Structures are given as structure tokens and as C-alpha cells.
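The chain contents come next:
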Protein chains: 2
Amino acid sequence: MSRRAAQRPQGLEGYDPQRYAKPSVTVDLLIFTVLAGELALLLIRRGVPPFKGSLALPGGFVDVGSTPEDQGEDLEAAARRELGEETGLTSELLDARRVHLEQLHTFGAPGRDPRMRVISVAYLALVPPDLIDHTRPGDDAAEARWRPLGEVMGGVEPLAFDHARIVEVGLARLRDRLDRSDVAACLVPPSFSAAELRAVFEAVQGHPLDAPNFRRHIRRLLGDGVIVPTGQTRTAGPRGGRPAALYRFDPGEGR
Amino acid sequence: MSRRAAQRPQGLEGYDPQRYAKPSVTVDLLIFTVLAGELALLLIRRGVPPFKGSLALPGGFVDVGSTPEDQGEDLEAAARRELGEETGLTSELLDARRVHLEQLHTFGAPGRDPRMRVISVAYLALVPPDLIDHTRPGDDAAEARWRPLGEVMGGVEPLAFDHARIVEVGLARLRDRLDRSDVAACLVPPSFSAAELRAVFEAVQGHPLDAPNFRRHIRRLLGDGVIVPTGQTRTAGPRGGRPAALYRFDPGEGR
DNA sequence: AAAATAGTGTCTGTCAGACAATATGTC
DNA sequence: GACATATTGTCTGACAGACACTATTTT
């Protein structure tokens, strides 16, 4: 019980911080999309130890600068930068309200990286399927690929570090968000039918939803002005069926 | 756009982490209780610059060890340690399910501490009022005192660093938690009346609640076994009134 | 009896799950 | 017409806000 830290008299006060060891701080990204009606996660394959050859979340160090004047980049900026690198999305697209990015949780257990103490701030990102550039699956050397969540959680290929836990936390957060905010807009193409939006909900929640009841949800979104009809329709089934009305999320007043 | 970090090829791979600057990492604590029917926050007064003399959240450095074998303490362990130091609570009391502790958010904007890059992992803690040792308001030199939230948010005495923002985020989280989990148990004494529990909800939510409707909530908690009647009653008003039945949160099966 | 506090019951509106029924298209 | 899909409507139960009313105690 005689930890170094416990002997200091007071938090940040009266001490030269340079005298104390510092951890490495990284940003890990949990990038979700919906592909073929299934929730999918962007994972890389590690090329170096530890966990060489294992699947892992994309991530990288946070630029913390080197002087009190240049303290580097914000955590969210680091996450956004990594997101751009891994998905190949330009910063304009990332700013265009089509991509959701929020801080998820910070993971910092000792020993989670055997090389050194690493504290990882995990971010949850949602990318609409139409923005995925299938011709450029990875930005750099590492093989970055979309993998169905079922496959990832199946445990066939265990994830590196504590990344399996991060996925769990992220999925729980995503499920919580879906009902309580407009993040679904970041998982559908700009124009979508009720059935397509329902498919997104089903993919995230992992179980089928009653179509008529979900339409009620659509009607409420319409009434609240969250989504608006485009006026167009589209036939879904290969062998016919009534065409579905199309909607889009209201871009809002500001822009 | 030529950040150091952006030039590295890949996240954690293929690099000697020692070559890169590291931030200081601290844990900041948002410790709430309910005092005299009002939500209160434990704050210290800073004794050294920057923000000398200002009110601030208690916090401290995370022990990150010094070798790959000794990587120091977990983030939550650091938070729990600080919590014990600031409140004077023993670790047994902290483990006794009477104190709630959860990670809130990580704040790491460059410049939030003018001296150096500091990344703070904020934790939300809830301490039941009966556990507060009024005879020992502070553990060490710094003046640690409970302050009504209204006073803190009033802006009369601005908080140090970005701590005002942390308080905002924490209050929002607390309000969200109150309805969706049993954290209220950590804001009432072991035995309480319906009116006392209601007062806690009112203090957190910041507006009065309808007493009869809140009783319905109590009945549901009873039905779900979340709380149980103690069998005792207590008279509240100084000039009479019907005595109130007392309840306690069910300690649960496990223990 | 009066005052104060605790507790019950009712009415109303919102929302979700289950599911019957109707509408509109393709083959 | 058969089939597939979209859409509407209905019934029911859970829950919240407003509020009238009853119950039990002290003074």
C-alpha cells in the first residue's frame, strides 16, 4: 500500500510533473457501419509483436507536443485524424454530419500492453455505408478490413490486447444511443426506405423488429421533423412488391 | 497539417514508444452527495499556481509504474485511492456497495493546463450523506469542503482549469443514471422514507416531483425487490403528521 | 378540531409489442 | 391471380403527469 502516488501531498499541486513517469496515450477507434444488413467493424491485422498477426482496433498515439506552448492535438482531433487515415475519408466528409464520432471510454489497466503502460482513449465512430470506398480498403500497409460483428464476437479470431472488451462496451453504447439520438442517420445512405432504416435497427439490436410498429416510429420521426419524405419511391424485392416511400434525415436549419 | 503523429505509418506498430513525448495523466474526481436536501460537490481550494486560490476538483496523478513489469495502478484504482484520501473513507466502506464510482469522460484538450499537456480521466462518485465524516472535512493541507451545487454552478467562484465543464458533464450523467440504475442507493442513508428518496431525486433533477406519483415509483421498486420495507416508521414533521414507512435498498442475494 | 405529513385511486396521454387487415406494386 | 412488400389500424399493457381524496399522527 505504499504507492508512489499515495505519498504525494496533493493532486497536481506543488510538484514538478517531469519528475514522474508518464504513460503512453493512444486513441483506439471502434468504427462501425452496416454492410449487407449486418453490423460491421473496421479492424486491422497487426504486423508486429505483441499480438502479431492478430486482429486489432485501429489506433495511434496522440500528438501531445513537446512544449507548454505546443501541447499537440486534442483527443478528438487525434481520433478524427485516425478515422480519416483508416477509412480514407476526407476531412470535409468527416465534418459533413454524415459521420458520428464520440468518446467511448478510457482503458488503462496496467499490463494491457506488455511493452509499457498504455492508456487508450476509445472512440466510437459510425460511418454510413455509402461513404465506404470499397476500392481502397486500407490506407497503408496494415490490412484494414470490414468484418461482420458476428464473426468478430464469435471468438474464432481473438482480438489483440483488451480490444474484445472495448468492442463490448462500444456495442452497448451504440445500442443505447440508437434510441436516444439521431445517430442512425450515420448508418444509412442519404435516402432510405422505412425497411432500410429498420434493417439498421435490427442489425444493431441483433433481433428482428415488427415492421408495422417500426412504421409508427417512422411516423413520429416525420412528425418531429427529424426525417422528411423525399417524394421518391423504390421497389425493394426482386420479384415485385409495393414500392417504398423514401426519406432522408432533415439536414436541419443550420446549413 | 504536418503533425508529428501523422507521419508515423501505423498506430502502435513498429515504433519505439520511448521516442515520443508522453502526456501527464491524472484522475479528477466529481464527488457528489446530498446535503440538506441539496446536491453538493466536494471541492478543494488550490494552494499553488496556476489557478492558485481557485476552487477545483480533487485529483491526482495516476501511478503508471516505471517498468514493463510494474506498470502501476489501474485508473479506477487511482480514482478509488483519491476518493479515500479526500473523503476520509476507508477502503472497506468504499467496497461496501454504499459508494458509487464510475468513469465519466476523459478531458485532454491541449492547453487546459498551461504548464504541460495533461490528460485527465474524470470519475463520478456518489457518497451517501451518512458516511460523510463532518469532523474531518479534509484529509490534508488543501481545504476540501462540500459546496452546494447551486453555489458552484452560480459562477460566483469560477472553477480552475476546465473543471466547470467537467461538472456539467457529470451532472448530466448523474441525471441520466438516476432513472436507469440503482445509484440513488448511494445518495440516501441505509434507511429512508419515500419522501427522503424523493428529496434526493428532486435535488438531482433540480425540480419538485409529485409526491403521489413518486409513491408509485416506490411501489414499483418494492414490487421489483429493489427496495424492501424495514418495518419501522418515523415521524418527519416537527409539528406532527403521519409517520412514514421506512425502506432500505435490498442488499441483494450475493453477500 | 386544525394542521401536517403519508398514502391511495383515478383520469389522461404517450409509447411499445402483438397482430389483423388493407394497399400497391411485379411476375 | 399469386406473391411480395408497404402501410394502416386496433387492442393491450406499462408508465408518467395532474390531481382529488383518504389516512394517521401531533398540537
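Calculation notes
Residues numbered from 1 in each chain as written. Chains lettered and ligands numbered in written order. Predicted model: local features only at pLDDT ≥ 70, side-chain atom pairs only at ≥ 80, totals over all residues. Heavy atoms only, no water. Helix = DSSP H or I, 4+ residues; strand = E, 2+ residues; numbered from the N terminus. Buried < 20%, exposed > 50% of the residue type's maximum accessible area, 1.4 Å probe, protein only. Contact = heavy atoms within 4.5 Å. Areas by Shrake-Rupley, 256 points an atom, 1.4 Å probe, with all protein chains shown as cover. Domains from an automatic or database assignment. Buried area = accessible area lost by both parts, 1.4 Å probe. Salt bridge = Lys/Arg side-chain N within 4 Å of Asp/Glu carboxyl O. Polar contact = N/O pair within 3.5 Å; in protein donor to acceptor, adjacent residues only side chain to side chain. Near = heavy atom within 4 Å. Nonpolar A, V, L, I, M, F, W, Y, C, P; charged D, E, K, R; others polar. pLDDT = per-residue confidence, 0-100. Expected span 1.5 Å × (residues − 1). Pairing = 2+ DSSP bridges. Axes fitted to C-alpha atoms, helices over the stretch in contact; angles between N-to-C directions. Phe/Tyr/Trp six-rings, centres within 6.5 Å; stacked < 30°, edge-to-face > 60°. Core = buried A, V, L, I, M, F, W, Y, C linked by side-chain atoms within 4.5 Å. Parallel < 35°, antiparallel > 145°, perpendicular 65-115°, else oblique.

A. Region of interest: the overall build of chain A. Across its full length, chain A carries 7 helices and 10 strands. Taken across its 255 residues, chain A has 49% of its residues classed as buried. Within chain A, residue pairs in contact and separated by at least 24 positions form 64% of the contacts whose partners lie at least 6 positions apart. For chain A, the exposed area adds up to about 11900 Å²; of that, 52% sits on carbon and sulfur atoms.

B. Summary view of the domain arrangement of chain A. All names here are of chain A. The domain boundaries assigned to chain A delineate domain 1 (22–178) and domain 2 (190–255). Each of domain 1 and domain 2 has a C-alpha centre, and these two points are 29 Å apart. At the interface, 11 residues of domain 1 touch 10 residues of domain 2. Interface area, domain 1 with domain 2, both sides summed: about 880 Å², of which 64% is carbon and sulfur. Among the residues of domain 1 in contact with domain 2, R97, R175 and L178 are the three that bury the most area, contributing 54% of the side total. Viewed at the interface, domain 2 and domain 1 are joined by 0 salt bridges. Taken together, the connections running from domain 1 to domain 2 amount to 2 residue pairs in polar contact (both at pLDDT 80 or more). No other element matches helix α5 (residues 163–180), which puts 4 residues into the side of domain 1 that touches domain 2.

C. Seen up close, the protein's contact with DNA strand C. Of all residues adjacent to DNA strand C, which total 24 residues, the nearest are N213(A), R216(A), R220(A), R215(B) and R219(B). A share of 56% is what sugar and phosphate atoms reach among the atoms of DNA strand C within 4 Å of the protein. N213(A) has a polar side-chain atom sitting 2.7 Å from a base nitrogen of DNA strand C. The residue makeup of the surface near DNA strand C, split by class, is 9 nonpolar, 6 polar and 9 charged.

D. Just the confidence of the model for chain A, in detail. Mean pLDDT over chain A stands at 89; residues scoring 70 or higher make up 88%. Contacts from residues 1–15 of chain A, a stretch scored under 50 in pLDDT, to residues over four places away or in other chains number 40 contacts.

E. Representation of helix α6 (residues 194–205) of chain B in the model. Residue and element names in this part refer to chain B. Counted at 1.5 Å a residue, the expected span for α6 with its 12 residues is 16 Å, and the 16 Å between its end C-alpha atoms agrees. Taken together, the buried positions of α6 are occupied by A194, L197, R198, V200, F201, A203 and V204. Residues of α6 that are buried in the fold lie against β1 (24–35), β2 (38–45), α5 (163–180), β8 (192–193), α7 (211–223) and β10 (244–249). Looking at the residues trailing α6, positive phi occurs at G206, about 80°.

F. Spatial organisation of the sheet that holds strand β9 (residues 227–234) of chain B. Residues and elements named next belong to chain B. Strand order across the open sheet formed by 3 strands is β8-β10-β9, with antiparallel pairing between neighbours. Edge positions in the sheet fall to β8 and β9, since each of these pairs with one other strand and no more. Alignment of β8 against β10, held across 2 bridges, turns out to be antiparallel. Pairing of S193 across the sheet is with L246, part of β10. The sheet strands contacting α7 are β9 and β10, and the helix crosses β9 at an angle near 125°.

G. Fine view of the pairing of strand β10 (residues 244–249) of chain A. Here strand β9 (residues 227–234) of chain A runs beside β10(A); their pairing, made up of 5 bridges, is antiparallel. Each residue of the ladder has a partner; that of V228(A), found in β10(A), is R248(A).

H. Spotlight on the protein's contact with DNA strand D. Around DNA strand D, the structure places 22 residues, and the nearest of them are P212(A), R215(A), N213(B), R216(B) and R220(B). The contact atoms of DNA strand D, taken as those within 4 Å of the protein, divide so that sugar and phosphate hold 56%. Within the side chain of R219(A), one N or O atom sits 2.9 Å away from a phosphate oxygen of DNA strand D. The side chain of N213(B) places a nitrogen or oxygen atom 2.7 Å from a base nitrogen of DNA strand D. Partitioning the surface near DNA strand D into residue classes produces 8 nonpolar, 6 polar and 8 charged.

I. Examining the sheet that holds β10(A) more closely. Taken in spatial order, the 3 strands of this open sheet run β8-β10-β9 (chain A), and their pairing is antiparallel. Each edge of the open sheet carries a strand with a single partner, namely β8 (192–193) and β9 of chain A.

J. Representation of the packing of aromatic side chains in the model. Residues and elements named next belong to chain B. Enumeration over the complete set of coordinates arrives at 6 aromatic pairs over all chains. Summarising the aromatic geometry, the rings of F201 and F214 are spaced 5.2 Å apart at their centres and angled 65° between planes, so their arrangement reads as edge-to-face. Remark: F214 occurs in helix α7 and F201 occurs in helix α6; sequence separation between them is 13 residues. For the pair shown, F201 and F214 are each scored as buried.

K. Seen up close, the pattern of salt bridges. Residues and elements named next belong to chain B. Overall, the coordinates contain 32 salt bridges over all chains when judged by the stated rule. For E85, the salt bridge is made with R81, and the minimal N-O distance between the two is 3.5 Å. Taken as a pair, E85 and R81 lie in helix α2 (residues 75–87) at a separation of 4 residues, close to a single helical turn. E85 sits in the buried class, given a relative accessible area of 17%. R198 is paired through a salt bridge with E202; the nearest N and O atoms lie 3.4 Å apart.

L. Just the nonpolar core, in detail. I31(A), Y123(A), I31(B) and Y123(B) are the most contacted members of the largest nonpolar core, which has 48 residues in total. Elements supplying a minimum of two residues to this core: β1 (24–35), β2 (38–45), α2 (75–87) and β6 (118–126) of chain A together with β1, β2, α2 and β6 (118–126) of chain B.

M. Quick peek at α7(B). All names here are of chain B. An ideal rise of 1.5 Å per residue puts 18 Å on 13 residues; α7 measures up with 18 Å between its terminal C-alpha atoms. Here the buried face of α7 lies against α6, β9 and β10. Phi turns positive, to about 75°, at G225, one or two residues after α7.

N. Layout of the packing of helix α6 (residues 194–205) of chain A against helix α7 (residues 211–223) of chain A. All names here are of chain A. At a minimum axis separation of 10 Å, α6 and α7 run at an interaxial angle of 105°. Between α6 and α7, the interaxial angle falls into the category roughly perpendicular. From α6, A194, L197, R198 and F201 reach across to α7, where they touch A211, F214, R215, H217, I218 and L221. When the residues that make up the contact of α6 with α7 are grouped by side-chain class, the tally is 7 nonpolar, 1 polar and 2 charged.

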